[in-house]
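In case you want the letters, here they are:
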Amino acid sequence: MKPILFALGLASAAGATTYYASQMSNDELMALENVPADTVLFSGQLEAFPLTQYMQTYQASFGDPTQVMLMLDETFKPENPEAQFSVNLIKHYLTASQSADDLKARFGFGDDVRMLVYTVGLLPVFRYEIADAQALWSSLDTLASEAGITPEKVAVDAFSYVKYPVVNNDGVMVELAVSVIDGWASITINTPINTPEDLNIALAIEKPKNALAAESLQAITDKYAFDGSSVGFIDHVQIIKGLTQAEGNAFGRMLTNLAQLTKPDMFNSMREQACATDFSAIANAWPRTVMGTRHVEIDNESSSIKAALAVESTNQETNASLGQLRGFIPQHVYNFDNQIANVAFGFDVDELTPVLMQFWTEFTNADYTCESLVAAQTKISQTSPMMLGMFTGMVGGVKGISATIFDFELDLENEQVPVKGIEALITLSANAPLTIFNGLKALYPPLADVTIPEDGSPLAVSSFFPLPPALGLNPQVAVKGNHVVIYQGDKAAAVADNLTNEALVNNGVNAFSVDYKSLFGPLNTVLESTGKPIPEGFTDFAKLDMQVQVSTDYTVNGIEIETTMDTQAVTK
């Protein structure tokens, strides 16, 4: 786990500690004045993230960047001063990210930080509130001197910025461009495909003619119950507009310039009127991906962050059809307590073929005239989803499956069977679970004479599926209400019993969770005992006292994914 990648990732996509916004502040509105309305992506940490507090509290879980820096040297092997500067900058950043004090001393970050990531056409822009501008300038000047490059300071009206060459390939120059204006540092690149005006906008020297409307971010925040501290989006409409129209937006204009330098006909087919029309219609149906935080708490002992992402669909018929595919996710999957890892998939098998047939029919019958889409229609029309009916008919009524590891113990002295003990549970949920089990008998003859008691009593799996004695396992199979369960251990047995009264409702699509320390800690101990090299980053995961839970669902807005991260402070 690389610390600043994780910490700043949380900062740009996670949020502040106690803020729940209803309206944006004046400072937030001013920061947005420099963001073009046609940016293809945006991620805004609009409320200050407690960077120093976070890094000081969780520093013990940060990994050593030495191996990454060695890999940079071996992989890129800089052959000119410009490339050397680029590699040196990355290594400087990795070194600084080991502590809050270094990060502040080298890049001028404050104890709390607000930041923005967006684009001006193809130019990526990273802006952050800077507490010590001289720290940033000193670092860049030192790195430039060590690499043997000469920075260029450029004055624009009352402002200035500095350019550092990072690529010099056959006369094609790409430069890192940096400015500090009104307490904000702006970092971007200057390329042959952008104009001076594009660069000035990216550096916050000039404002775009049309800025991103704060109301649009507020609307996203309200729609998805975000807390307002962090919000972002990827604009599919602007991306398709740039791909299909040479001058449709700044993104498209720079793509055109890029094509002229590399392959002039690169976008010709996409920019035919038929393709522009068809792909625009698709983009309007799936206009954007949005993300933001819903809850954040950070203190010196722990942190809890809940964030969500949604791939938006404006077609309510599509959303309703996706909703028909939802299946059953057991409640225990969402419980962090006394669990190491679990995964669950909810799907209504009875709806799978009809829904896929609907989507197949809609796509193959769509009135496309774009050559590539027509070719795709022809190819897809040759394979009908009706073939799935042969399989789904055998498992009709199935609503979902899940697997959970509650605990496990490793035997360091047994190389053949390193697992000494395990408590785990596997579930299959269906309208008629015994019917599903009986249907499997035709596929596995040893099951022919096996009868699972209908009263929920367990049956030893070894009675029909012999297990090696060395494993020391005695899993049981049983029917608990609408669920066929296979379990090992007392914890799993108790959870299996609770499923008896759990209603079979279509409540989700996918859920996954893992306790990093509980899973990777024992595994790391085994790896250490072998004396062999441990994979890069594995030990970092073993030290990270963090539980992560991810769930996916189909909603009236499209496809939504929610992530929860609970982290406890650790010491060296």
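Computed from a prediction, not measured in an experiment: that's the story for all the values here.

Caption draft 1: Representation of the pattern of salt bridges in the model. Here the structure, examined in full by the defined rule, presents 13 salt bridges. Of the charged contacts in the structure, one is a salt bridge between Glu152 and Lys163, with a shortest N-O distance of 3.6 Å. Here Lys163 lies in strand β5 (residues 159-169) and Glu152 lies in strand β4 (residues 152-156), a separation of 11 residues in the sequence. Owing to a relative accessible area of 40%, Glu152 belongs among the partly exposed residues under this scheme. Across the salt bridge formed by Glu312 and Lys223, the nearest N and O atoms sit 3.5 Å from each other. In this pair, Glu312 sits in strand β10 (residues 302-312) while Lys223 sits in helix α9 (residues 214-223), placing the two residues 89 residues apart along the sequence.

Caption draft 2: Molecular detail of the packing of aromatic side chains. On inspection of all chains with the given rule, the structure shows 10 aromatic pairs. On the basis of an interplanar angle of 25° and a centroid distance of 5.8 Å, the ring pair of Tyr224 and Phe226 is categorised as stacked. Across the pair, Phe226 and Tyr224 agree in class, each one buried. One aromatic cluster is present, built from ring pairs that chain together Phe109, Phe126 and Tyr128.

Caption draft 3: Spotlight on the pairing of strand β8 (residues 230-235). Across the six residues that make up β8, a large majority, five, are buried. Sheet topology note: the strand β1 (residues 41-49)/β8 ladder contains five bridges and is antiparallel. Within β8, the residue paired with Gly44 across the bridge is Val231. One ladder, built from five bridges, connects β8 with strand β9 (residues 288-298); its direction is antiparallel. Its bridge partner lying in β9, Gly232 is registered against Met291.

Caption draft 4: Inspection of helix α14 (residues 349-365) at higher detail. Its 17 residues place the ends of α14 25 Å apart at the C-alpha level, agreeing with the 24 Å of an ideal helix rising 1.5 Å per residue. Burial in α14 covers these residues: Val349, Thr353, Val355, Met357, Trp360 and Thr364.

Caption draft 5: Quick peek at the side chain of Ser321. In this structure, Ser321 sits in helix α13 (residues 316-324). Its relative accessible area of 3% is what places Ser321 among the buried residues. In contact with Ser321, other than residues within four places in its own chain, are Val355, Gln358 and Phe359.

Caption draft 6: Summary view of the side chain of Thr353. Considering the arrangement of structural elements, one finds Thr353 in helix α14. Separated by 3.5 Å, the side chains of Thr353 and Thr392 make a polar contact. Not counting residues within four places of it along the chain, the set of residues in contact with Thr353 comprises Pro385, Met386, Leu388, Gly389 and Thr392.

Calculation rules
- Residues numbered from 1 in each chain as written.
- Predicted model: local features only at pLDDT ≥ 70, side-chain atom pairs only at ≥ 80, totals over all residues.
- Heavy atoms only, no water.
- Salt bridge = Lys/Arg side-chain N within 4 Å of Asp/Glu carboxyl O.
- Helix = DSSP H or I, 4+ residues; strand = E, 2+ residues; numbered from the N terminus.
- Buried < 20%, exposed > 50% of the residue type's maximum accessible area, 1.4 Å probe, protein only.
- Phe/Tyr/Trp six-rings, centres within 6.5 Å; stacked < 30°, edge-to-face > 60°.
- Pairing = 2+ DSSP bridges.
- Expected span 1.5 Å × (residues − 1).
- Contact = heavy atoms within 4.5 Å.
- Polar contact = N/O pair within 3.5 Å; in protein donor to acceptor, adjacent residues only side chain to side chain.

So, to be careful, I would describe these as geometric facts and stop short of saying anything about function.
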